[in-house]
Amino acid sequence: MSRTVLLDDASAHVAKAFRGRREQLAEIGVGLLSLPPRSPELNDIERVWHAAKYEDYPRCAQTTVDAIGEAVDRAMTRQRDRIQGSGRWG
C-alpha cells in the first residue's frame, strides 16, 4: 500500500534533516507532495488532520513504520466515517 504525505511550509517539513529523503521514503511506499504556500482553500484538510491527530491518533509512541501507518490509517478512517456520517462532503 502506498501513501502520499502532503507537506506545507511547516519548519519540520523544510528542515535540513528532512531534505533528500524522498527516494528513501519512496522505497517504502511513501510519496511527498508539497502544497503551495498560503492555500486557504485547503483549510478543511487542515481541520480534518488536526481532529485525526488530536482526537483519534493514539497517545502512545509507535515504534515501527508499520505501526505508524496503521495508527494513521485508523485515525483517518475514523475521520472519514465521522465526516460521512455527518453528511458533509458527500
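All values derive from a computational prediction rather than experimental measurement.

1. Quick look at the environment of Ala51
- Inspection of the secondary structure assignment puts Ala51 in helix α3 (residues 43–56).
- Distance in space between the C-alpha atoms of Ala51 and Arg78 is 9.9 Å, their sequence separation being 27 residues.
- Excluding residues within four positions of it along the chain, Ala51 makes contact with Asp56 and Gln79.

2. Considerations on helix α4 (residues 65–86)
- A rise of 1.5 Å per residue sets the reference length of α4, with its 22 residues, at 32 Å; its end C-alpha atoms lie 32 Å apart and thus fit the reference within 8%.
- Here α4 has its buried residues at Ala67, Gly69, Ala71, Ala75, Gln79 and Ile83.

The rules behind these values
- Residues numbered from 1 in each chain as written.
- Predicted model: local features only at pLDDT ≥ 70, side-chain atom pairs only at ≥ 80, totals over all residues.
- Heavy atoms only, no water.
- Helix = DSSP H or I, 4+ residues; strand = E, 2+ residues; numbered from the N terminus.
- Contact = heavy atoms within 4.5 Å.
- Expected span 1.5 Å × (residues − 1).
- Buried < 20%, exposed > 50% of the residue type's maximum accessible area, 1.4 Å probe, protein only.

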